[in-house]
Amino acid sequence: MFIPFRFFTVFLLLLPGNSALADSISGAGSSAAQPLYHIWAWAYTQKTGVAIAYDPVGSSAGVKKIKEKSVDFGASDVAMSSEELQQNQMIQFPSAISGIVPVINLPGIRSGELKLNGTVLAGIFSGRITRWNDEIITALNPNLALPKAGIVAIARIDGSGSTYNFSDYLSRVSPIWKADYGTGFTIKWPNEIQRVKGSAGIAAAVRQTAYSISYVDYNYVIQDRLTSVLLKNADGNFVAPTPANFESALNHSDWKSNGIFTEMLTDRSGPSSWPVTMGTFIIMPRTSTNIDKTIAALKFFAWGFMQGDRYVNNLDFVHLPDSVQAKIFKQMMTVTDSQGRRLNWSPM
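The following refers to the structure shown. Model, not experiment: these values are computed from the prediction.

**A closer look at the pattern of salt bridges**
Inspection of the entire model under this criterion finds eight salt bridges. Among the salt bridges present, the one from Lys-64 reaches Glu-68, with a minimum N-O distance of 2.5 Å. With Lys-64 and Glu-68 both in helix α3 (residues 59-68) and four residues apart, the pair spans about one turn of that helix. By relative accessible area, Glu-68 is classed as partly exposed at 45%. Where Asp-168 meets Arg-172, a salt bridge forms, and the shortest distance between an N and an O atom there is 2.7 Å. Here Asp-168 and its partner Arg-172 are both found in helix α7 (residues 161-173), four residues apart, which amounts to about one turn of the helix.

Here it is in structure tokens:
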């Protein structure tokens, strides 16, 4: 029988807590998730006095740092595979879901007016489609007066979960893209593609560059008031990037039914599913070499799930359903000390 995550609070508070508690923890990784972890950290520090330092170095760097054990938790917008988790003795769980959104700076075009599909995006970011009035774009947008101007495509230069999810989507919908570029944290972009670092860098570059297009996490779209497109999904519908449409993609995955968090959420079925939906993940060691730090990190994320939903929603991420949070709790409770004993901790 399913028991929502918040109801585990009663059970956990009955457990004897560990008397020692680290006064600070550190994490690194996803720049897209930086706003979420920063607001969680601020609120949690106000309540507990525990300081959380988070460095938005990008998803691939965050994975590298947790493997090296130079931070207490890593953060990535791409799930590690089951084999990689086993090999490195890690646990992983999502903290929220969001979406990668194609954004444009096209004078006279507002959010939700331009329609694109995966074939067009693959053509633009491979350098094969170079002008906004290309016939394949105008065919999708017969009622828009598209300019003759050249397309300025902007991409991430650093190892990025945003790039991984975006390129994974393109690989699923474009055999040419899959063969030439594939899926990765970094892509060997054509020379004509401009490159910038970080999600904030992408948002700034698009705002400042007329006739540009790029891809960035949804929360940056909202907070930086970027112009988003409609994107054709797996069911053939043009849909907008919205929290409800991200949740639709999750609902058409194994996350809720089986708790398989290694599954990608890109190109899911469903009438309203956003095609480039993604999770953002926390990665921690399965066996702790610093019990106080590990317990402090587990407490922080348990608090985030039970008390932090309002921050998730306010930052334009999507909070995880109770059924998913319950499966995450089971993952968190598998962490052990070096002797194989499960850590003894309670959330607050």
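**Some thoughts on the packing of aromatic side chains**
The description of an aromatic ring pair rests on the distance of the ring centres and on the angle between the ring planes. Under the definition given, this model contains 24 aromatic pairs. Among the aromatic residues, those joined into a ring-pair cluster are Tyr-37, Trp-40, Tyr-44, Tyr-54, Phe-73, Phe-93, Phe-300, Phe-301, Trp-303, Phe-305 and Tyr-311. Over the face of the ring belonging to Phe-238 we find Lys-115, whose NZ or CZ atom lies 5.2 Å from the ring centre.

**Examining the nonpolar core**
If you look at the biggest cluster of nonpolar residues, it comprises 99 residues, and the most contacted ones within it are Leu-114, Phe-125, Ile-137 and Ile-213. In terms of residue count, the dominant contributor to this core is helix α13 (residues 291-307) (10 residues). Apart from the residues lying within four places of it in its own chain, the contact partners of Leu-114 are Ile-104, Leu-106, Ile-109, Trp-132, Ile-137, Asn-141, Leu-144, Leu-146, Val-229 and Leu-230. Core analysis: the second largest hydrophobic core is formed by eight residues, Val-63, Ile-66, Leu-85 and Ile-283 among them.

**A word on empty space enclosed by the protein**
Summed over the entire model, instances satisfying the criterion amount to one cavity of 30 Å³ or more. There is about 40 Å³ of room inside the largest cavity. As for the largest cavity, its lining consists of Asp-77, Val-78, Ala-79, Asn-165, Trp-255, Glu-263, Met-264, Leu-265, Met-278, Gly-279 and Phe-281. The element best represented in the lining of the largest cavity is strand β12 (residues 277-285), accounting for three residues. Tallied by class, the residues present in the lining of the largest cavity amount to seven nonpolar, two polar and two charged.

**Describing the pairing of strand β1 (residues 24-29)**
Pairing between β1 and strand β2 (residues 51-55): five bridges, direction parallel. Looking at the pairing, Ser-26 lines up with Ala-53 of β2. In this fold, β1 hands off to helix α2 (residues 34-48), which returns the chain to β2; that crossover is right-handed. Bridging between β1 and strand β3 (residues 73-76) involves three bridges; their strand directions are parallel. The residue bridging Gly-27 from the neighbouring strand is Phe-73, located in β3.

**Structural notes on the sheet that holds strand β10 (residues 230-232)**
The sheet built from three strands is open, its strands ordered β5-β10-β11 with mixed pairing. Only two strands of the sheet have a single partner each, and these edge strands are β5 (115-116) and β11 (238-239). As defined by bridge partners, β10 adjoins β11 across two bridges and the pair is classed as antiparallel. Along β11, the bridge assignment pairs Lys-232 with Phe-238.

Analysis parameters
Residues numbered from 1 in each chain as written. Predicted model: local features only at pLDDT ≥ 70, side-chain atom pairs only at ≥ 80, totals over all residues. Heavy atoms only, no water. Salt bridge = Lys/Arg side-chain N within 4 Å of Asp/Glu carboxyl O. Helix = DSSP H or I, 4+ residues; strand = E, 2+ residues; numbered from the N terminus. Buried < 20%, exposed > 50% of the residue type's maximum accessible area, 1.4 Å probe, protein only. Phe/Tyr/Trp six-rings, centres within 6.5 Å; stacked < 30°, edge-to-face > 60°. Lys NZ or Arg CZ within 6 Å of the ring centre and 35° of its normal. Core = buried A, V, L, I, M, F, W, Y, C linked by side-chain atoms within 4.5 Å. Contact = heavy atoms within 4.5 Å. 1 Å grid on protein atoms, 1.4 Å probe; cavity = no way out; pocket = protein on both sides within 12 Å on 5 of 7 lines; lining within 4 Å. Points joined across faces, edges and corners; volume = space filled by probe spheres on them. Nonpolar A, V, L, I, M, F, W, Y, C, P; charged D, E, K, R; others polar. Pairing = 2+ DSSP bridges. Right-handed = clockwise from strand over helix to strand, strands pointing away.

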